[in-house]
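Structure assessment
Chain by chain, the residues:
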Amino acid sequence: MSKKVVFIFLAVLLVASVFRLYELIDIPPGVNRDEASIGYTAYSILHTGKDEYGKLFPLSFQSFGDWKLPLYIYTVVPFVSVFGLSELAVRLPSAIIGILSVALTFYLVKILFKNNLLALIAMFLAAVSSWSVHLSRVESESNTAVFLTLLGTILFLKSFKEKKWLIIPSAFCFALTYFTYAGNHIFTTFFVAGLVFFYRDQIKQTRLNLIAFFIFLSLSGLIFYQTLFSASTTKLSGISIFGDPSVIHAKIEIPRNEHTDSQSLFARITHNKIVFAGERIAQNYLNSFSPSFLFIKGGDNNAHNIANFGNMYIVEAPFLFLGLIYLLAIRKGREKKLLMLWFFIAPIAVSITKDAPHTNRMFAIFPALQLVTAFGIWWTISELIKKDAFKKIFIAVVAFLFLINVAVYIDRYFIHFPRNEVRNWGLGYKKLDEVLSKPEFVNKKIIISRPKYSPYIYLLFYNPYDPSKYQKEVKRYPPTQDGFVDVKGFGRYEFRGIDWGKDIQTPNTLIVDWSSDVPASVKQAFHKEDIILPNDEFMFTIIETR
């Protein structure tokens, strides 16, 4: 590479690093529920070798009754040992992985298309991507899976041209995606099959290739068995399009009963699970490419994107469209086919879930989405605009629009997001734990409302609570219909609904409820402390009984 390319590469990598590391501890404002769970589980593994359910070094981690795959949790363990149980320990692995993914984007494009300008454009789009930035600043198994996919693909391609033994770590990388994120059980399977098909003429029956195949098959088989025949069936059934019985009733049973004869052949053919599944999957797939999801508001889960901001910048929209036209109608070669495979199979996993489009589950499309957009920009500069003067004007205008779009995102994310959306994150629980841990309160019993919000995991994380002690003390409610489990209590903590008439008569007790749910008469009659968020919202009220 020329010195100019190296300089731009390092400058873009610096931009990516600043976006992902700046105030990482404080933004987002406190851990979300999954971050708290992963952090405390890693802390428990570090000190006891067991998860919060007392299982020794498991391959599938039960949490709130759903299940988490193991790779990111075990990755966090050494960070917890160095930085303690903290936001930094949980988020830093994802931030580092996000930065490395930006660098790997450059190398992948360079290997596939041998074009430095295209590689730098794609790398820049990946570096400032609001989608990637947000998922790199929280714990993210999907972000980790993208990194492994990128690395596995690069090693696979390099094994043909340079060191043939690279096929073995490539197989490891692809297999590890199965241990990282559930959506990759579908995505990686399709992607690896396509990769092997497109490059079948270069894959020989050598000893190294056979070893790589055995590694991939053995590791993926192990986690598939764990997922399909053991723990994670609960989570899979809960998030599938059939996971909500009320939807099945509304979309199948009610329409069928509207027929004169609900048992007629026509009624049964037009209203059944197969027709419903086909329609819903097609809608989910197309919605994953909708302008609203990509450019306007993103997904509906506040843990995966900021409110009312798309997963891509609006300025990228025309170039994504142009890139698709160029790749589908003009560009030839298997490299183009591989990119299109990556692009179009990414929504498959999310399409079979009930809450699609979903920012986290759709992230498998990164950085294929950015590369398609980069092709649109590159095609415009290199071929569509002929005169150099117009090219310079075009570049200046596009650079200005990107600057405005990115500046708006910086303002939304780093200024307004940690203030306006703080209620959806863990800062309120962090402040709550600080109050409950005061010396004058340490011997008091604590009753906390809304056990379905899993307040226990925040208290375990921010305390941090002795894992071996917790494993002995914890009591849980029976599993719900979806298989989810809420904690009833441990130690001095009890999680249940508040009976104000009865509970305020319990001596030596702190009652914690959401401020809006505490009766005004109780607030006036008893000593209280309020947990107030940075936006001046009252989140919790702590009542001290007499």
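Residues numbered from 1 in each chain as written. Predicted model: local features only at pLDDT ≥ 70, side-chain atom pairs only at ≥ 80, totals over all residues. Heavy atoms only, no water.

Before going further, it helps to examine the overall build of the protein. Scanning the protein from terminus to terminus reveals 25 helices and nine strands. The C-alpha atoms of the protein give 26 Å as radius of gyration, which agrees with the globular expectation for 546 residues (24 Å, within 12%). With the C-alpha coordinates aligned to their principal axes, the bounding extent of the protein is approximately 80 × 65 × 55 Å. A total of 546 residues make up the protein; the buried ones form 54% of that total. Sequence separation of at least 24 residues holds for 72% of the intrachain contacts in the protein that already meet a minimum separation of 6. Averaged over its 57 positive side-chain charges, the protein has a centre that lies 10 Å from the centre of its 42 negative ones. (Helix = DSSP H or I, 4+ residues; strand = E, 2+ residues; numbered from the N terminus. Rg over C-alpha atoms; globule rule 2.2 N^0.38 Å. Buried < 20%, exposed > 50% of the residue type's maximum accessible area, 1.4 Å probe, protein only. Contact = heavy atoms within 4.5 Å. Lys, Arg positive; Asp, Glu negative; His and termini not counted. Charge placed at Lys NZ, Arg CZ, Asp CG, Glu CD.)

For the bond from Ile-27 to Pro-28, the omega torsion is 0 degrees, close enough to zero to count as cis. Within the element layout of this structure, Pro-28 appears in the loop between helix H1 (3–21) and helix H2 (33–48). Note that the residue after Phe-366, namely Pro-367, is joined by a cis bond; omega there is 0 degrees. In this fold, Pro-367 is placed in the loop between helix H18 (348–351) and helix H19 (368–384). The residue Ser-454 is not glycine, and still its phi comes out positive at about 55 degrees. Structurally, Ser-454 can be placed in the loop between strand E3 (445–448) and helix H22 (455–462). Within the chain, Asp-536 stands out as a residue other than glycine whose phi angle is a positive 75 degrees. In this structure, Asp-536 sits in the loop between strand E8 (527–532) and strand E9 (538–544).

Where helix H17 (residues 334–345) meets H19, the axes come as close as 9 Å, and the angle between the chain directions of the two elements is 125 degrees. For the element pair H17 / H19, the angle class is oblique. Every pair of crossing elements has a handedness; the one defined by H17 and H19 is left-handed. Residues Leu-339, Met-340, Trp-342 and Phe-343 of H17 pack against Ala-368, Leu-369, Leu-371, Val-372 and Phe-375 of H19. (Axes fitted to C-alpha atoms, helices over the stretch in contact; angles between N-to-C directions. Parallel < 35°, antiparallel > 145°, perpendicular 65-115°, else oblique. Left-handed = near helix turned anticlockwise from the far one by under 90°.)

Together, Phe-390, Ile-393, Val-397, Phe-400, Leu-401, Leu-403, Ile-404 and Val-408 give the surface a local cluster of nonpolar side chains, amounting to about 740 Å² of exposed area. With respect to the helices and strands, the residue Ile-404 is situated in helix H20 (residues 388–420). Judged by relative accessible area, which is 39%, Ile-404 ranks as partly exposed. (Patch = residues over 30% accessible without salt bridge, like charges linked within 9 Å, V, L, I, M, F, W, Y side chains within 5 Å. Areas by Shrake-Rupley, 256 points an atom, 1.4 Å probe, with all protein chains shown as cover. Salt bridge = Lys/Arg side-chain N within 4 Å of Asp/Glu carboxyl O.)

Before going further, it helps to spend a moment on the nonpolar core. Counting 107 residues, the largest nonpolar core has Trp-131, Phe-191, Tyr-199, Leu-339 and Phe-375 as its most contacted members. Aside from chain neighbours lying at most four places away, what touches Phe-375 is Phe-113, Leu-118, Gly-323, Tyr-326, Leu-327, Arg-331 and Leu-339. The next biggest cluster of nonpolar side chains, apart from the first, holds 48 residues, and it includes Phe-64, Val-77, Leu-460 and Val-512. (Core = buried A, V, L, I, M, F, W, Y, C linked by side-chain atoms within 4.5 Å.)

Scanning all chains against the criterion turns up 16 salt bridges. The salt bridge involving Glu-52 is made with Arg-476; its shortest N-O contact spans 3.9 Å. In this pair, Glu-52 is assigned in the loop between H2 and strand E1 (61–63) and Arg-476 in strand E4 (residues 475–476), connecting sequence segments 424 residues apart. A salt bridge links Arg-419 to Asp-536; its shortest N-O distance comes to 3.9 Å.

Let us look at the packing of H1 against helix H4 (residues 87–113). Look at H1 against H4: their axes get within 10 Å of each other, and the N-to-C directions meet at 155 degrees. Viewed along their axes, H1 and H4 adopt a mutual orientation that is roughly antiparallel. Here the hand of the crossing between H1 and H4 comes out right-handed. Contacts between H1 and H4 involve Val-5, Phe-9, Leu-13, Ala-16, Ser-17, Arg-20 and Leu-21 from the former and Leu-92, Ala-95, Gly-98, Ile-99, Val-102, Ala-103, Phe-106 and Tyr-107 from the latter.

Attention now moves to the packing of aromatic side chains. Counting across every chain of the model gives 49 aromatic pairs. Between Trp-131 and Phe-363, the ring centres sit 5.9 Å apart and the planes meet at 50 degrees, which makes this aromatic pair tilted. Within this pair, whereas Trp-131 is found in helix H6 (residues 130–136), its partner Phe-363 is found in the loop between H18 and H19, the two being separated by 232 residues in sequence. Judged by relative accessible area, which is 0%, Phe-363 ranks as buried. Here the aromatic rings of Tyr-429 and Tyr-458 are separated by 4.0 Å at their centres, their planes lie at 5 degrees, and the arrangement is stacked. Taken together, the residues Tyr-429 in helix H21 (residues 427–436) and Tyr-458 in helix H22 connect sequence positions 29 residues apart. For the pair Tyr-429 and Tyr-458, a shared accessibility class is recorded, and that class is buried. A connected cluster of aromatic rings, assembled from ring pairs, spans Tyr-40, Tyr-43, Phe-64, Tyr-456, Tyr-465, Tyr-470, Phe-490, Tyr-493 and Phe-495. Positioned above the aromatic ring of Phe-64, the side-chain terminus of Arg-33 is 4.2 Å from the ring centre. (Phe/Tyr/Trp six-rings, centres within 6.5 Å; stacked < 30°, edge-to-face > 60°. Lys NZ or Arg CZ within 6 Å of the ring centre and 35° of its normal.)

Counting buried positions over the 10 residues of H21 gives seven, a clear majority of the element. What H21 keeps buried is the set Leu-427, Gly-428, Tyr-429, Leu-432, Asp-433, Val-435 and Leu-436. On its buried face, H21 is in contact with E3, H22, strand E6 (493–495), strand E7 (509–514), E8 and E9.

All right, on to the pairing of strand E5 (residues 487–490) then. Regular strands place their side chains on alternate faces of the sheet. The pairing of E4 with E5 spans two bridges and is antiparallel. Bridged to Arg-476 within E5 is Val-487. (Pairing = 2+ DSSP bridges.)

Bringing the environment of Ile-281 into the picture now. Examined against the element boundaries, Ile-281 turns out to sit in helix H14 (residues 273–287). We classify Ile-281 as partly exposed; its relative accessible area is 31%. Expressed as a C-alpha distance, the spacing of Ile-281 and Pro-347, which sit 66 residues apart in the sequence, is 9.9 Å.

Here we come to the environment of Asp-530. The residue Asp-530 is located in strand E8 in this model. With 380 residues separating them along the chain, Asp-530 and Leu-150 place their C-alpha atoms 47 Å apart. Beyond its immediate sequence surroundings of up to four residues, Asp-530 is in contact with Ser-515, Phe-538, Phe-540 and Thr-541. Within polar-contact distance, the side chain of Asp-530 engages the side chain of Lys-528 at 2.8 Å. There is a polar contact of 2.8 Å between the side chain of Asp-530 and the side chain of Thr-541. (Polar contact = N/O pair within 3.5 Å; in protein donor to acceptor, adjacent residues only side chain to side chain.)

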